[in-house]
Every structure is written in C-alpha cells, then in structure tokens.
Amino acid sequence: MSNEITRFHTGAPEELEKRFAQRAAMMQPSEIRALFAVASRPEIVSLAGGMPNLSALPMEMFAQVVEKLVKENGQEALQYGSGQGHPKLREQICDVMALEGIRAHPDDVIVTTGSQQALDLISRIFIDPGDVVLVEAPSYVGALGTFHQYEANVCHVEIDQDGLIPARLREAIASLRAENRKIKFLYLIPNYQNPAGVTLTADRRTEILDICRDEKIFVVEDNPYGLLGFEKPSPNAMRAEDSENVIYLGSFSKTIAPGFRVGWTLVPQALKEKLVIAAESSILCPSNFAQLAISSYLADQPWRDQIASFCNLYRERRDAMLEALELYFPKGATWTKPDGGFYIWVTLPPEIDTKAMVPDAIAAKVAYVPGTAFYADGLGSWSMRLSYCYPTPERIREGIKALGGVITREMARRELN
Ligand code: PMP
C-alpha cells in the first residue's frame, strides 16, 4: 500500500483540465458505465445492472398517492422543507428500521437523496487525502468511486461465504497502524452484499463491532437490501447492537422505488450536526415531494406485503440463475449462493480475464460486470458479478447458457478444461 494517489486524465481538453480544482482529476467514469450502455440494448440479456424490478409495483396505486398528495397537501409537498428531512417520514423510518432490531429516535435520522448521498456526505466529513477507508473485498462500485474522489486510500479486507473475516480485519488494522496510517472508517454491506451476495453472520457482526469500537474506527453499515431476505429475515442490523460507533445507511430504492431518491442515515448523536450542515450545503433539503409521497405510501398502503412480493419475484429469479449456473457453467467456476438481494459472485480460474472476455459475451448477447470494477486495487480480474434482479427467469437461463458457452470456450482456448 502506498500513500500515492494516482491521478488520471478526465478526458477534458488539457487547457480546461488546468482550470479544474485538483480534486476534479479524481472524478472518473466508473468502469461499468460504458458497459451499461451496451447492456441495455434489447437483444442483450443484461446480468450487469442492479436495477430493481419495478414490474411488481402497483403503478395505479402510486398514481393515486401522488395525485392525492398534490391535491390535498401541494403547498407543503412542493415547498422547501427541513434540511434534516421531514419529521413525519423520519418517524416512519424508525418503524422501518425496527424490523431489523434498531431502536432509534427520529432526531438522529437524516433523510438523504438516496443512500449514495449519505456516502458522499460521510466521505466529505471524514476523509482527508491519503486517509484509509477499510472495505470488503470486493465492495460496492459506487462507494469505491466516492471514496476515490475524496482521495482515500481504500484497503480491502477479505470476505468469505459468511461475510467479512474478523481475523483479516484485525491483521489489516495492525499492519496499517504499524505504518502510522490514519484509518477513518470501515465500510461494509452486511446483508446480501453488493457484489458478492453474501451475508455477515450474527457472531461476526458482534466481533467486528468489538474490534472497531476498541480501535476507534467508525463502522459505516450500508443496508439497502436488508429487508430482501428470501427464506428468513437477515440478522439484526449492526446498528441495533451499537448506537455510538455505527453510522447506518438505509434506502427506499430497493424496497419501494429508486426514482424517489429517498434514503437516510442514522448517525451517532455527536455526528448529526456536521451531517446536516454538509447535506444543506449540497442540496438545501431533500425533496419534500418525494418524502411525502413515500410517507403517504408507508402510512396508507400495505408496504410489508409489497416487500414480500418483491422477495418472491427475486427468489424465483435467483433460483433460475442458480439452476442455470449448475447446468451451463464449466467445472472450475464457483459461485456464491445468496439468501436475498440481487447478486451472485462468480469466481473462475485465475488465468481467465473477465474484463477481456466482455466483447465475446456481448457477441453472445449477454452482459455481466467484470470483477475488477469492485476493487480499488485492480484485483478481481478472474471474477464477475451477475445480477438476477431484472430479466425474466427465461431470459436469465438463456443468458447463463450463453455465458457458460463463452467461459467454456475461453477455458478451452487456455487449455484449462
Ligand atoms: N449502497 C449499495 C450497496 C447499493 O447497491 C446502492 C445502489 N445500487 C446504493 C448504496 C445507492 O443506492 P441509492 O442511492 O439508490 O439509495
């Protein structure tokens, strides 16, 4: 690990680049942005995106919620609101979090424009250039991009089928401390992780919380998928066990719809003011319209049933993908078996470069995200993320069959099978 920050060209003309602030050099398109343009072509089976499947959403009902909101409460809904978020919604958010064992006060909740904004605010508050952020290996591409823009040194910690490995976390902290490096926080996605699909066990949650508390390292618990468990509920949130050292991020993007752009953060009291000030400087206040639409929906509609129907839809797709993987992927490929969420992580023999294989997959009409997108350090080249959330089960089978063929041919070319 080095303190050096790699600077890239952003593609703007050189004369213009000179006028940018230094931090603009860190604003890079993510590896997968270009891929998504190709993957969205109708003939391609996209196993690349992580878009929620809104086909299960009753649009007519949402139309009524929105119409009623504007007719009956338009003056408030279309007005500026509180920088911290609407008080009623903050109360309802506490009820949602109670499903994962969290007892919180609405005063400690800050509504954000998606949880992505919370990632940005937390980074802005904590990260000086060169500071260390610990993350799972692999981790969410959108978080890595944000940490990168704030010039963090991202240090990956190994995971397995049970999530982040506490012993590896201890080792990473010890070796960074020996180098006198400043560790600002541990960022992790304990439930149905993006991209690996794994869930952190309850025992490990406690152990990781103990380690971080002892080492004075904040835990940033990013939990957009927690209520999307297929067979059983996920273990209690880490925040349920520790209200002093955990910054919790929640979102309605996966349980209701991402178009509202409503997420939240629940923070230790001492951090609240800084976060609200940071939020106000970027957006003044979250959209009252979106917040009140979500609030009416939560108050008047069977939202728990809606989450259950999302779970049924995703479970069916997960099962289709797991069955197809068994049928069509060659020996030598292994994959995770998620209990919820959107993603499966596939590991191939190390000789296979999944990024170089993308054009062949696109030619075979299937798209996935190469593993390197989920690492800050170039690792992951023989792995890939497959998402089952969007295509129909039939299309998933078709896509996995085509991708299995591409991998089998690539392995044969390298004499690996
Ligand atoms: N965290 C994780 C792990 C995610 O997968 C996503 C979206 N894919 C986000 C945060 C951001 O979600 P949003 O801003 O829509 O709440």
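Remember, it's a predicted structure, so these values are computed and weren't measured experimentally.

K.L.:
Got a minute to help me understand unusual backbone geometry in this structure?
P.N.:
Negative phi characterises most residues that are not glycine, and trans characterises most peptide bonds. With an omega dihedral of 0°, the bond running from Ala-137 to Pro-138 counts as a cis peptide bond. Locating Pro-138 in the fold gives a position in the loop between strand S3 (132–137) and helix H6 (141–149). For the peptide bond that leads from Asn-194 to Pro-195, omega is 15°, which places it in the cis range. Within the fold, Pro-195 resides in the loop between strand S6 (183–188) and helix H8 (202–214). The phi angle at Lys-216 is positive, at roughly 55°, despite the residue not being glycine.

K.L.:
For this particular structure, what's the right way to read the packing of aromatic side chains?
P.N.:
Describing an aromatic ring pair means giving the distance of the ring centres and the angle of the ring planes. Applying the stated criterion across every chain yields a total of 15 aromatic pairs. Measuring from centroid to centroid gives 4.9 Å for Phe-252 and Trp-264, while their planes differ by 50°, and the two rings are tilted. In this pair, Phe-252 sits in the loop between strand S8 (246–251) and strand S9 (263–266) while Trp-264 sits in strand S9, placing the two residues twelve residues apart along the sequence. We note that Phe-252, like Trp-264, is buried. Taken together, Phe-126, Phe-147, Phe-185, Tyr-187 and Phe-218 form an aromatic cluster joined through their ring pairs.

K.L.:
For this particular structure, what's the right way to read helix H9 (residues 269–283)?
P.N.:
Side chains three or four residues apart in an α-helix point the same way, a direct result of the helix having 3.6 residues per turn. In this model, H9 (15 residues) spans 22 Å end to end at C-alpha, consistent with the 21 Å of a helix rising 1.5 Å per residue. Residues of H9 that are buried make contact with strand S2 (109–112), helix H5 (114–126), strand S7 (218–222), S8 and S9. Where H9 terminates, the next one or two residues include Leu-284, which has phi positive at roughly 65°.

K.L.:
Could you clarify how one ought to interpret the site of the ligand in this entry?
P.N.:
Taken together, 13 residues are adjacent to the ligand, and Asp-222, Tyr-225, Ser-251, Ser-253 and Lys-254 come closest. Within the backbone of Ser-115, a nitrogen or oxygen atom sits 2.8 Å from an oxygen atom of the ligand. Between an oxygen atom of the ligand and a main-chain N or O atom of Gln-116, the distance comes to 3.0 Å. About the coverage of the ligand: the protein hides 91% of its 400 Å² of free accessible area. It is H5 that contributes the most residues to the shell around the ligand, three residues altogether.

K.L.:
For this particular structure, what's the right way to read the pairing of S7?
P.N.:
The two faces of a sheet get side chains in turn, since along a regular strand they alternate between them. Most of S7 sits inside the fold, with four of its five residues counted as buried. Handedness of the S6-H8-S7 crossover: right-handed. In terms of strand pairing, S7 meets S8 through four bridges, oriented parallel. Residue pairing across strands places Asp-222 opposite Leu-249, the latter belonging to S8.

K.L.:
Sorry, what's going on with the nonpolar core here?
P.N.:
Side chains that are nonpolar tend, in soluble globular proteins, to be buried together. Among the nonpolar cores identified, the biggest contains 109 residues, and Leu-134, Leu-169, Phe-252, Phe-329 and Leu-386 are the most heavily contacted of them. Here this core gets eleven residues from one element, more than from any other, and that element is helix H11 (residues 303–328). A domain-level breakdown of this core finds at least three residues from each of domain 1 (2–57 + 305–416) and domain 2 (75–300). Once you skip the residues sitting within four places of it in the chain, Leu-386 turns out to touch Leu-47, Met-321, Leu-325, Phe-329, Phe-342, Tyr-343, Ile-344, Val-346, Tyr-368, Ile-400 and Leu-403. Core analysis: the second largest hydrophobic core is formed by 27 residues, Ile-110, Ile-127, Leu-144 and Ile-247 among them.

K.L.:
So what exactly am I meant to see when it comes to the packing of helix H4 (residues 87–98) against helix H10 (residues 288–300) here?
P.N.:
Helix packing for two helices is described by the angle between their axes and how far apart those axes are. Where H4 contacts H10, the two axes come as close as 9 Å, and the packing angle between them is 50°. Between H4 and H10, the crossing angle belongs to the class labelled oblique. By crossing handedness, the relation of H4 to H10 is classed as left-handed. Only Gln-291, Ile-294, Ser-295, Leu-298 and Ala-299 of H10 make contact with H4, whose side of the interface consists of Lys-88, Leu-89 and Gln-92.

K.L.:
Sorry, what's going on with the side chain of Ser-387 here?
P.N.:
Relative to the helices and strands, Ser-387 is located in strand S14 (residues 383–387). Assessed through its relative accessible area of 1%, Ser-387 is described here as buried. Here Gly-49 takes part through its backbone oxygen, which lies 2.4 Å from a polar atom of the side chain of Ser-387. Here Ser-387 is in contact with Leu-47, Ala-48, Gly-49, Gly-50, Met-321, Phe-342 and Tyr-343, once residues within four sequence places are set aside.

K.L.:
Would you explain the sheet that holds S14 in this entry?
P.N.:
One key point about sheets: their strands pair by backbone hydrogen bonds, in either a parallel or an antiparallel sense. The four strands lie next to each other as S10-S11-S14-S13, forming an open sheet whose pairing is antiparallel. Edge positions in the open sheet fall to strand S10 (334–335) and strand S13 (369–370), since each of these has one partner strand only. Sheet topology note: the S13/S14 ladder contains two bridges and is antiparallel. Note that in S14 the partner of Val-369 across the bridge is Arg-385.

K.L.:
How should I be thinking about the domain arrangement of the chain in this particular structure?
P.N.:
How big an interface is tends to be expressed through the accessible area that disappears when the partners come together. By the assigned domains, the chain splits into domain 1 (2–57 + 305–416) and domain 2 (75–300). Taking only C-alpha atoms into account, the centre of domain 1 sits 23 Å from that of domain 2. Contacts between the two partners involve 40 residues from domain 1, matched on the other side by 35 residues from domain 2. Interface of domain 1 and domain 2: buried area, both sides summed, is about 3,200 Å²; carbon and sulfur atoms make up 61% of it. Counting the contacts that link domain 1 with domain 2 gives one salt bridge. When the shortest N-O distance is used, the salt bridge between Arg-318 and Glu-231 registers 2.8 Å. Taken together, the connections running from domain 1 to domain 2 amount to nine residue pairs in polar contact (both at pLDDT 80 or more). At the level of elements, H11 and strand S11 (343–347) are the ones that each hand at least two residues to the side of domain 1 that touches domain 2. Of the residues assigned to the side of domain 1 that touches domain 2, the class counts are 22 nonpolar, nine polar and nine charged.

The rules we used
All residue numbers here refer to positions counted from 1 along the written sequence of the relevant chain. Selection of residues for local features in this predicted model requires a pLDDT of at least 70, selection of side-chain atom pairs for listing and counting requires 80 or more, and totals for whole chains, interfaces and linings are taken over all residues. With hydrogens and water set aside, each side-chain value is computed from the structure's full complement of heavy atoms. Counting from the N terminus, the helices are the DSSP runs of H or I reaching at least four residues and the strands are the DSSP runs of E reaching at least two. Pairs were defined over the aromatic rings of Phe, Tyr and Trp, the Trp ring being its six-membered one, requiring ring centres within 6.5 Å. Orientation was assigned from the angle between planes: stacked under 30 degrees, edge-to-face over 60, tilted for the rest. When a residue's accessible area, from a 1.4 Å probe over protein chains only, is under 20% of the maximum for its type it is buried; when over 50% it is exposed; and in between it is partly exposed. Working rule for helices: expected span equals 1.5 Å times residues minus one. Any two residues whose heavy atoms approach within 4.5 Å are treated as being in contact. The criterion for a residue being near a molecule or strand is simple. One of its heavy atoms has to lie within 4 Å of it. Definition of a polar contact: a pair of N or O atoms within 3.5 Å, with one able to donate and the other able to accept a hydrogen when the atoms are protein atoms, and with sequence-neighbouring residues admitted only if both atoms are side-chain atoms. All accessible-area figures derive from a Shrake-Rupley calculation using a 1.4 Å probe, and residue coverage is judged against the displayed protein chains alone. The definition of a right-handed crossover adopted here requires that, viewed with the strands pointing away, the path from the first strand over the helix to the second runs clockwise. In short, DSSP must find at least two bridges between two strands for them to pair. Each nonpolar core is a collection of buried residues, namely Ala, Val, Leu, Ile, Met, Phe, Trp, Tyr and Cys, held together in the definition by side-chain atoms within 4.5 Å. Domain delimitation in this document rests on an assignment produced automatically or drawn from a domain database. A fitted line through C-alpha atoms represents every axis, and for helices the fit uses only the stretch in contact; the resulting angles, taken between N-to-C directions, go from 0 to 180 degrees. By the definition adopted for this analysis, an angle is roughly parallel if under 35 degrees, roughly antiparallel if over 145, roughly perpendicular if from 65 to 115, and oblique otherwise. We call a crossing left-handed when the near helix sits turned anticlockwise from the far one by less than a right angle, and right-handed when that turn is clockwise. When two components associate, each loses some accessible surface as probed by a 1.4 Å sphere; the sum of these losses over both components is called the buried area. What counts as a salt bridge is simple: a side-chain nitrogen of Lys or Arg found within 4 Å of a carboxyl oxygen of Asp or Glu. Any residue outside Ala, Val, Leu, Ile, Met, Phe, Trp, Tyr, Cys, Pro, Asp, Glu, Lys and Arg is labelled polar, Gly included; the first ten of those are nonpolar and the last four are charged.

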